[in-house]
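Given next are the chains, with one letter for each unit.
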Amino acid sequence: MYEDNHLVARLRAASVGREDDVFVQGQGGRTFGAFFANAERYAALLVARGVVPGDRVAVQVNKSLAALELYIGTVMAGAVFLPLNPDYTSSEVAYFLQDATPHLFVVDPLREAEMQSAVDAAAVRDVLTLDSAGGGTLNDAAITMPAGFHPVPRDADDLAAILYTSGTTGRSKGAMLTHRALASNAETLVNYWRFTPDDVLIHALPIFHTHGLFVATNVVLMVGAAMVFLSKFDLDAIFAAMPTATTLMGVPTFYTRLLDDPRLTKGSTQNMRLFISGSAPLLAQTHTGWTARTGHEILERYGMTETNMNTSNPYEGARKPGTVGLPLPGVEVKIVDDNGAEVGANQIGSIEVRGDNVFAGYWQMPDKTAEELRENGWFITGDLGVRDEDGYISIVGRSKDLIISGGFNVYPKEVESVIDDLPNVLESAVIGLPHPDFGEAVVVVVVARNPALTIDVINTVTADNLARFKCPKRVLIVESLPRNTMGKVQKKALRTEYANLFA
Ligand code: AMP
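Residues numbered from 1 in each chain as written. Predicted model: local features only at pLDDT ≥ 70, side-chain atom pairs only at ≥ 80, totals over all residues. Heavy atoms only, no water.

**Let's talk about the overall build of the chain**
What the chain contains, in helices and strands, is 15 helices and 24 strands. Seen through its principal axes, the chain has C-alpha atoms that stretch 70 × 55 × 45 Å. Looking at the chain residue by residue over its 503 residues, the buried ones come to 58%. In the chain, the share of contacts with a sequence separation of at least 24, taken over all contacts with a separation of at least 6, comes to 67%. Surface summary for the chain: the accessible area is close to 19,700 Å², and the carbon and sulfur share equals 51%. (Helix = DSSP H or I, 4+ residues; strand = E, 2+ residues; numbered from the N terminus. Buried < 20%, exposed > 50% of the residue type's maximum accessible area, 1.4 Å probe, protein only. Contact = heavy atoms within 4.5 Å. Areas by Shrake-Rupley, 256 points an atom, 1.4 Å probe, with all protein chains shown as cover.)

Structure follows, in structure tokens:
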């Protein structure tokens with residue numbers, strides 16, 4: 001009955017006839033039958049409230065199973081799911097609502113009053129509430145709707161979701177994701193990572209971002225596997241889940257925090273078959289430290305909101321620390337110079353990708369879309385990368401992070417790697433700051449692992465290993481680096497904080 005709706009049909013196919021099998025453990029749990037019946041009720045409710053195909057449904061709620069059912073229900077209704085980070089303030093939400101003009105906004109009841117001005121400013125027609133336990137006006141209304149909703153037909157090219165990019169520079173842009181992009185990428189990942197219906201994934205990621213919403217959830221649904229659904233990353237809950245789970249998808253901070261816990265051993269991870277990391281760079285030392293402690297090699301992959309997943313280390317074969325692996329089947333990846341010509345092995349260039357996984361453009365930003373998505377389908381990721389002789393790709397930074405100091409290009413990752421290798425360094429972030437002589441000066445902000453770390457040691461190791469123009473003009477030792485929920489270091493915040501260092 002789902003066959004006319006491209007994405008939902010594919011996410012449902014593996015679980016048809018397995019209505020009583022457990023899809024979700026935790027948070028009350030759900031069988032496949034109950035999960036899809038709830039999604040059908042949401043879909044029926046949306047249609048009853050006037051949501052028509054192509055309408056946006058904006059959702060700013062805490063992580064819950066009901067929120068996941070609302071995602072599927074929205075797609076079943078033919079509408080476009082638009083999740084928003086619960087941390088966004090009312091003025092941030094006002095921007096998203098005005099930009100996306102959703103028909104319906106679903107918000108946590110505790111924040112409904114706070115968001116009223118944003119709702120009014122964008123003239124959003126309908127507002128419903130959903131709390132962390134699944135309660136609120138959305139469920140009060142949905143409960144009266146019958147299950148068995150026949151999904152609204154949608155083609156592969158229709159939009160299923162809009163996800164706003166994290167907006168590290170400039171205004172946040174709405175990436176338009178089609179049914180095809182989401183379905184094809186999930187299918188690719190199921191095969192590449194050898195998911196089967198026997199897998200149990202530990203889901204501890206947020207569901208307003210591509211990683212937790214699409215990579216984790218769609219892969220599990222697509223193959224008809226199960227998941228342990230945690231409202232957030234919690235060490236005790238992860239250790240409790242591992243003996244009966246098989247896979248974990250995480251951001252690098254998950255892995256560093258688990259490594260810091262003495263409970264991480266070969267024994268506690270023996271039932272697990274796969275640990276996957278992405279969304280931010282995994283330090284090579286985290287990879288090797290993890291292997292030493294558990295016997296498992298973390299599998300690192302690379303993707304982004306606009307493209308879903310692009311590359312991955314292989315399931316079988318070498319997983320190279322510090323690399324994001326090889327292009328996924330069906331994804332073309334090239335590394336090019338400023339003239340668009342492909343560079344050779346071990347040469348840094350700009351990463352471009354093409355494939356069914358790539359988005360359809362930025363919502364109502366035709367100029368931005370034209371700048372980044374070429375007519376022939378190649379998307380300019382903004383990431384800088386390098387390919388080794390075996391074809392493995394490493395990310396060396398964002399093109400916007402590139403520092404030009406005294407006319408020389410400095411790739412932050414190269415400098416960070418040298419500093420991160422020091423035993424007393426936990427992590428570092430290299431940024432460019434305005435400088436009267438050099439234009440930009442290389443500055444490193446370092447978190448010590450041990451108070452014995454000195455600025456002199458850092459200056460020595462960089463002077464010994466790097467050309468002079470790459471060496472930091474200033475070293476700052478701090479308590480911690482600013483990070484967003486996905487574990488990405490917020491270099492923009494660092495640049496703002498230290499903007500006047502050389503003034
Ligand atoms: P987002 O759209 O929030 O998922 O951010 C995408 C960006 O995260 C990419 O363009 C990369 O800069 C970065 N990223 C994702 N995965 C990795 C990875 N495995 N290593 C390094 N950077 C990554």
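**Re the sheet that holds strand S13 (residues 299-304)**
The strand order across the open sheet formed by 9 strands is S2-S1-S10-S9-S11-S12-S13-S14-S15, and the pairing between neighbours is mixed. One side of each edge strand has no neighbouring strand; the edge strands of this open sheet are strand S2 (30-31) and strand S15 (326-327). As paired strands, S13 and strand S14 (residues 308-312) are joined by 4 bridges and run antiparallel to one another. Paired with Gly303 across the strands is Met309, a residue of S14. Most of the contacts of helix H10 (residues 252-259) go to strand S11 (residues 247-250), to which it runs at about 115°, and overall it touches S11 and strand S12 (274-277). (Pairing = 2+ DSSP bridges. Axes fitted to C-alpha atoms, helices over the stretch in contact; angles between N-to-C directions.)

**So, the nonpolar core**
Formed by 117 residues in total, the largest nonpolar core has its most connected members in Ile72, Trp193 and Met249. Dropping the residues within four chain positions of it, Trp193 is found in contact with Val215, Met249, Arg273, Leu274, Ile276, Leu299, Arg301, Ser312 and Tyr315. Among the nonpolar cores identified, the runner-up in size contains 22 residues, and Val80, Ala100, Phe105 and Met176 belong to it. (Core = buried A, V, L, I, M, F, W, Y, C linked by side-chain atoms within 4.5 Å.)

**Points about the side chain of Ser394**
Looking at the element boundaries, Ser394 is found in strand S19 (residues 393-398). A distance of 3.4 Å separates the side chain of Ser394 from the backbone oxygen of Gly322, its partner in a polar contact. (Polar contact = N/O pair within 3.5 Å; in protein donor to acceptor, adjacent residues only side chain to side chain.)

**Observations regarding the domain arrangement of the chain**
If you check the domain split of the chain, you get domain 1 (6-20 + 31-154) and domain 2 (403-497). Spacing between the C-alpha centres of domain 1 and domain 2 amounts to 43 Å. (Domains from an automatic or database assignment.)

**Topic: the environment of Leu259**
Within the fold, Leu259 resides in helix H10. Through-space distance from the C-alpha of Leu259 to that of Tyr302 is 22 Å; in sequence the pair is 43 residues apart.

**Let's talk about H10**
By the burial criterion, the buried members of H10 are Pro252, Phe254, Tyr255, Leu258 and Leu259. Projection of H10 onto a plane perpendicular to its axis shows the buried side chains occupying an angular sector of 155°, all on one side. Looking at the buried residues of H10, the elements they touch are helix H9 (235-241), S11, S12 and helix H11 (284-294). (Arc of directions from axis to C-beta.)

**Observations concerning the packing of aromatic side chains**
Following the criterion strictly, the structure yields 16 aromatic pairs and no others. A centroid spacing of 5.4 Å and a plane angle of 45° characterise the contact between Tyr71 and Phe81, whose relative ring orientation is tilted. Here Phe81 lies in strand S4 (residues 80-83) and Tyr71 lies in helix H3 (residues 65-76), a separation of 10 residues in the sequence. Exposure remark for Phe81: the relative accessible area of 3% places this residue in the buried category. Centre to centre, the rings of Phe96 and Tyr164 are 4.6 Å apart; their planes meet at 65°, and the pair counts as edge-to-face. Of this pair, Phe96 sits in helix H4 (residues 90-100) while Tyr164 is found in strand S7 (residues 159-164), placing the two residues 68 residues apart along the sequence. Like Phe96, the residue Tyr164 is buried in the burial classification. (Phe/Tyr/Trp six-rings, centres within 6.5 Å; stacked < 30°, edge-to-face > 60°.)

**Re the sheet that holds strand S18 (residues 379-387)**
Ordered by their spatial adjacency, 4 strands build an open sheet running S16-S17-S18-S19, and the pairing between neighbours is antiparallel. At either end of the open sheet lies a strand with only one pairing partner, and these are strand S16 (331-336) and S19. Recorded for the sheet is a direction-independent mean angle of 45° between the axes of neighbouring strands. Across 6 bridges, the pairing between S16 and strand S17 (residues 349-355) is antiparallel. Counterpart to Val333 in the pairing with S17 is Val353.

**Points about the pattern of salt bridges**
Following the criterion strictly, the structure yields 22 salt bridges and no others. With its nearest N and O atoms 2.7 Å apart, the salt bridge here joins Arg18 to Asp21. According to the relative accessible area criterion, Arg18 is partly exposed, its value standing at 23%. Of the charged contacts in the structure, one is a salt bridge between Asp199 and Arg273, with a shortest N-O distance of 2.8 Å. Of the two residues, Asp199 sits in the loop between helix H7 (179-192) and strand S9 (200-203) while Arg273 sits in the loop between H10 and S12, which places them 74 residues apart along the sequence. (Salt bridge = Lys/Arg side-chain N within 4 Å of Asp/Glu carboxyl O.)

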